[in-house]
Amino acid sequence: MIGLISATAAGAAARDRLAAAWPDRTRVYEGPVADAVRRAFGECEQLVCFLATGAVVRLVAPLLSDKASDPGVVCVDEGGRFAVSLVGGHGGGANELALAVGTLLGAEPVVTTATDAVGVPGLDTLGIPVEGDVAGVSRALLDGEPVALELESSWPLPALPSNVGSGVPGGGPTIRVTDRAVEPAGPSEVVLRPPSLVVGVGASKGAPVDEVFGLVQGALADAGLSVASVAALATVDAKAGEPGIVGAAERLGVPVLTYSAEELAGVDVPNPSAAPLAAVGTPSVAEAAALVGGGELLVPKRKSERADGAPAMATCAVVRRPGRGRLAVVGLGPGARDLLTPRAEAELRRASVLVGLDQYVDQIRDLLRPGTRILESGLGAEEERARTAVAEARKGQAVALIGSGDAGVYAMASPALAEASDDIDVVGVPGVTAALAAGAILGAPLGHDHVSISLSDLHTPWEIIERRVRAAAEADIVVTFYNPRSRGRDWQLPKALAILGAHREPTTPVGVVRNASRPDESSRVTTLTGLDPATVDMMTVVTVGNTATRNIAGRMVTPRGYRWQEAVR
């Protein structure tokens, strides 16, 4: 919950805008400001104070205890010009909150955390537990000192600065990535705990949570493994609601993964048993559930021990799953920076490897973290870029593969996913397509059913393209043409327009947009007979209306139904 505190009418107005935008996330604190801050500080994960920073410093100073547990505090000035991350930039999420508040209120986010200011990832913002001298190692990262990277467990990390590497001699600042239960070796070392361990659990009906939790803790301790690296408990579907398993997962702060008995029965395990086969239909629960998806069995099945000597009611097994590479297929939108989504920006910052067309890389190069490895190539190498991105992800890297518009529309998602298998994680990040960007400029040409067709016959035979254009013409669907005309392909667009013209009036509105959302954007609305194909190139999107589309005040408008069309006749 985010506590909102204000002292003036102007502050209350901005406060209320935030409360209206985030009704389920915020709580307004009324009354004397000092009391409101004190109550919100004790009850909320974050605070937004519409007060001067000096006043907030004095109010929260006596309340601060530990940066790992203190709420994040953001200050917004009386004029709503700035959203200042004051306390808990990383641990309390104040940096991200300042960005979100700034976006919503039109205020400038002010983030002074050193790592964020220079684009270096904070070691406590990687989404995995961290222990040790975070401040000291972060200072070394910022100062350019050599920092050793010891990868005892592979995990896709974001880009790290060039002064971090596996070849740096030990003894100095060190980042160790491990799921073993080891303490930082000394000052200037941090230990990152990747979520690489899955604990399979079986339990009899009514097994106490203390017995299940104690069994898991003991198994990890005996194997020298860190509880912080447990990603999930896994079991059979029939035990999904077993209180002992659910309670143990809650204590560990991890989810419960469940699989069908048939799925578990197909997993090869070293210690099958007749008991679970008779009870739930699979010869193994703990080992099989942990091994679904592969991995190394570190702790074979073991049973709990009860103080009263009664039969064990729980079993567990521990598997280390290899760090899976991550491929984010990111749509950059049509070109304007303000049409690049926040999710796309986050994925670009998360990546350690960027793969893309050189001109697209240039658009977002300033958003990349220092140390990001860039693999760029020219036009016509789509399949090569897709193979490169997948290959890098298979090495355990965090990869971003970029494309213009939406990466799934005539872009990189299709060739990349054709190359990828289930050995990597794939994330799709949607973007604003050229058709949508052009439609917004033209008016509302896509108000009813519409279709996008590429006129490039480099990958699709013209006979198929022509059949699709005819189908759209006969169905009276608005058509957006991608790749309409190039120097070597100058006859396809006139042919496509002629096909549509056989089913639509010569005065049918046609929108032409070049370089949508970019500085040299141009657009015009003409007609089927008025469009000169020679004025169109590969940077242009052509949108042809249907029989209901009208030119109203210079804008293309396609009504949502045909009753409007009948009314104007």
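Above this text is the structure in question.
These remarks concern the structure in this document. (Residues numbered from 1 in each chain as written. Predicted model: local features only at pLDDT ≥ 70, side-chain atom pairs only at ≥ 80, totals over all residues. Heavy atoms only, no water.)

This brings us to the sheet that holds strand β1 (residues 2-6). Ordered in space as β2-β1-β3-β4-β5-β6, the six strands form an open sheet in which the pairing is mixed. Every interior strand has two partners, whereas the edge strands, β2 (26-28) and β6 (108-110), have only one. Neighbour-to-neighbour, the strand axes of this sheet turn through a mean angle of 25 degrees, independent of strand direction. Taken together, the three bridges between strand β5 (residues 82-87) and β6 define a ladder with parallel strand orientation. (Pairing = 2+ DSSP bridges. Helix = DSSP H or I, 4+ residues; strand = E, 2+ residues; numbered from the N terminus. Axes fitted to C-alpha atoms, helices over the stretch in contact; angles between N-to-C directions.)

Quick look at the environment of Gly-72 now. Examined against the element boundaries, Gly-72 turns out to sit in strand β4 (residues 72-76). The exposure class assigned to Gly-72 is buried, which follows from its relative accessible area of 0%. Residues Gly-72 and Ala-471, 399 residues apart in the sequence, show an inter-C-alpha distance of 57 Å. Every residue in contact with Gly-72, bar those within four places of it in the chain, is listed here: Glu-45, Gln-46, Leu-47, Val-87, Gly-88, Gly-92 and Ala-94. (Buried < 20%, exposed > 50% of the residue type's maximum accessible area, 1.4 Å probe, protein only. Contact = heavy atoms within 4.5 Å.)

Another point: the environment of Gly-79. Along the polypeptide, Gly-79 turns up in the loop between β4 and β5. Judged by its relative accessible area of 59%, Gly-79 falls in the exposed class. As for Gly-79 and Gly-91, which are separated by 12 residues in sequence, their C-alpha atoms are 28 Å apart.

What follows deals with helix α2 (residues 33-43). Buried within α2 we find Ala-36, Val-37, Ala-40 and Phe-41. Down the axis of α2, the sector holding all buried residues measures 130 degrees, keeping them to one side. Buried residues along α2 sit in contact with β1, β3 (46-50) and α3 (53-60). (Arc of directions from axis to C-beta.)

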